[in-house]
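# Structure at a glance
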Amino acid sequence: MLAYLEHFVHEKDAESRQDDEVASLSRALELQASIDELGPAGIASKDFGGIKSVKPLAMIRPSSAVDVARVVKAVAASPSLTVAARGNGHSVNGQAMAEKGLVLDMRALEEPFEILWIEGTAYLEVSGGALWEDVLKRCVSEVGLAPRSWTDYLGLTVGGTLSYAGVSGQTFRYGPQTSNVTELEVVTGKGETLCCSLTQNSELFFGALGGLGQFGIITRARVVLQQAPEMVRWIRVVYSEFEEYAGDAELLVEEVEECFDYVEGFVLVNSDDPANGWPTVPLEPEQVFDPVHIPSTAGPVLYCLELGLHYGNADHPYRSRVDMDVDRLLGRLRFIQGLKFQTDVTYTEFLLRVKRVEEDAKASGTWDAPHPWLNLFVSKSNIVDFDREVFKKILKDGVDGPILVYPLLRTKWDNRHSVVVPDSDIFYIVALLRFSPPPPKGPPAELLVAQNNEIIQFCTSRGLDFKLYFPNYQSREDWMKHFGKQWSRFVERKASFDPMAILAPGQRIFSRTS
Ligand code: FAD
């Protein structure tokens, strides 16, 4: 049963017409719907990016995959409707919106949440609308197990991140989240509910992973679990030279088995700017970043490698193996002595570390301001050029938030999935996570979008081997370039699973056919 349906009416004339449409849709779907005219302030027309806003006809809260399939079938039978699954709406360019279409609030889909053991391995059967933070809390507290591959921030849905990749500091070892699921239940654009895996409906399985929501709505995923560690030693070390930073980061990720459990890194401005500079590095309030250690040869930006090592409670941090392990692993690295920071936190605290950032940003008003974020994958062979032109010049004053840059291994990504990455054994994720205050305190969003475009233009004009992560293009030609030789496969998958192009219209790749 559909729990209820909300609709959005904003103009008097449009109001009665939309009322009729929503009412007849409601009847056609046999909804047990309560229509709430005001709704929760139109969340379906907003996202985290805060740059785009389009009004849907209605938002529906499905309570099961059966509901999802019923809605998709009704949309397919209509002359012009489209439907977007909305995870937690953390897109930045309206990707989870549907202009005059239906938005499915996937958070309403609470079940299943079940642990399975198959041939000695534990799996979580979880709803596509579940938040990763709930997955963490329930898995760790109820059974002491946890997924292997995460995102930095966990207020995202399972279906939302699987529709892209899902990347964090564990990706070098286990691959993105898309490489850590073995089965999906998907409602295709034809309204069929299919179970898919490596061996069953495999084309749909590979297509949906990284598929930008184009081939089906993920209603359930089977996620690989492992024993949850108890503690994490969380470390930050600072570099002044990019070549040394990148060389050390690559050394770490290439020695996958003899490494930290988490490897990330970021760029900071070489100044005392509280949002962009030295104060962003220490891990504890009493730790001080003393600039006296910075060599005089340092440029406008510095680099910070962020590392994590798991250990058990039995290994007390101050007398145990963990100190020796950390010393051995750090021993080969060329960071600036004197600029090393560390702390010990529980595994759950570590994985929820960005929650603190969210709380601070909400308090300061930067969470609700526009977020013109840019995420790219840049090949190892081009990352030094990228550093010279982008980090050291275009972004030398920072982005009022983290600028992530760390290496990933191509072998951990599955070519059969829909996501495209550079053609290089090692490539870097670069993420400009802008948290500027809204004008007049901060710059207008258009200026930041223009800066993003300047960076993309630099990459394109210099022929860098790069791909956008969370791609956002205006024209068919740009999408074709983005997918390159994978474009024909993407189009074939669309024709097989969503031939009328009713799904995820906010990605603006295909247009609805009648
Ligand atoms: P939405 O924004 O709601 O949807 C995204 C797209 O997926 C839409 O096209 C939608 O239609 C489609 N979709 C949603 N649910 C489903 C489903 N069940 N089936 C099929 N299609 C679906 N990403 C990383 O990889 N690593 C990070 O560390 C990371 N950190 C982030 C931190 C913050 C603060 C934010 C805002 C984003 C971050 N992201 C990160 C990006 C994030 O993965 C994407 O924005 C993702 O789309 C968000 O998931 P969501 O559940 O909000 O999806």
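Whatever comes next refers back to the structure up there.
Presented here is an overview of the structure given in this document. Everything numeric in this text was worked out from a predicted model, so none of it was measured.

What follows covers the environment of V430. Secondary-structure assignment places V430 in strand 18 (residues 426-432). Separated by 74 residues in the primary sequence, V430 and R356 place their C-alpha atoms 22 Å from one another. Setting aside residues up to four positions removed in sequence, V430 forms contacts with L374, N375, L376, V378, I383, F386, F391, L404 and V405.

Our next topic: the pairing of strand 7 (residues 121-127). Of all seven residues in strand 7, six are buried, a share of seventy percent or more. Sheet topology places strand 6 (residues 113-118) next to strand 7; six bridges connect them, and they run antiparallel. Across the sheet, the residue bridging to L116 is Y123, located in strand 7. Relative to strand 11 (residues 216-227), strand 7 is paired through five bridges, and the arrangement is antiparallel. Residue Y123 lies in a different strand from strand 11, and its bridge partner there is V224.

This part takes up the site of the ligand. The environment of the ligand is made up of 32 residues, and the closest members are A85, G87, S91, T157 and Y469. At 2.7 Å from an oxygen atom of the ligand is found a main-chain nitrogen or oxygen belonging to D152. A distance of 2.6 Å is found between an oxygen atom of the ligand and a side-chain nitrogen or oxygen belonging to T157. Protein chains shield 95% of the accessible area of the ligand, which is 960 Å² for the free molecule. Of all the secondary-structure elements, those providing two or more residues to the shell around the ligand are strand 4 (83-86), helix 4 (158-162) and strand 11.

Once that is clear, we can look at the sheet that holds strand 16 (residues 374-379). Pairing between the strands of a sheet is mediated by backbone hydrogen bonds and can be parallel or antiparallel. If you walk across this open sheet you meet the eight strands as 15-12-14-13-17-18-16-19, and the pairing is antiparallel. Among the strands making up the open sheet, the edge pair consists of strand 15 (340-346) and strand 19 (466-468). Between one strand axis and the next, the sheet turns through 20° on average, direction left out of account. The pairing of strand 16 with strand 19 spans three bridges and is classified as antiparallel. In the sheet register, V378 faces strand 19, and the bridge partner there is F466. Strands in contact with helix 7 (residues 242-254) are strand 12 (231-239), strand 13 (262-269), strand 14 (301-311), strand 17 (403-409) and strand 18; relative to strand 14, the strand with the most contacts, it is inclined by about 20°.

Our focus in this paragraph is helix 14 (residues 487-497). Buried within helix 14 we find W487, R489, F490, R493, K494 and F497. Taken around the axis of helix 14, the buried residues stretch over an arc of 165°, which confines them to a single face. Lining the buried residues of helix 14 we find strand 9 (181-188), helix 6 (202-208) and helix 13 (476-483).

A separate point is the packing of helix 11 (residues 383-394) against helix 12 (residues 445-461). At a minimum axis separation of 11 Å, helix 11 and helix 12 run at an interaxial angle of 160°. If you check the angle between helix 11 and helix 12, you find them roughly antiparallel. Between helix 11 and helix 12 lies a crossing whose hand is right-handed. On helix 12, the residues touching D385, F386, E389, V390 and I394 of helix 11 are Q451, E454, I455, F458 and C459. When grouped by side-chain class, the residues that make up the contact of helix 11 with helix 12 number six nonpolar, one polar and three charged.

The rules behind the values
- Residues numbered from 1 in each chain as written.
- Predicted model: local features only at pLDDT ≥ 70, side-chain atom pairs only at ≥ 80, totals over all residues.
- Heavy atoms only, no water.
- Helix = DSSP H or I, 4+ residues; strand = E, 2+ residues; numbered from the N terminus.
- Contact = heavy atoms within 4.5 Å.
- Buried < 20%, exposed > 50% of the residue type's maximum accessible area, 1.4 Å probe, protein only.
- Pairing = 2+ DSSP bridges.
- Near = heavy atom within 4 Å.
- Polar contact = N/O pair within 3.5 Å; in protein donor to acceptor, adjacent residues only side chain to side chain.
- Areas by Shrake-Rupley, 256 points an atom, 1.4 Å probe, with all protein chains shown as cover.
- Axes fitted to C-alpha atoms, helices over the stretch in contact; angles between N-to-C directions.
- Arc of directions from axis to C-beta.
- Parallel < 35°, antiparallel > 145°, perpendicular 65-115°, else oblique.
- Left-handed = near helix turned anticlockwise from the far one by under 90°.
- Nonpolar A, V, L, I, M, F, W, Y, C, P; charged D, E, K, R; others polar.

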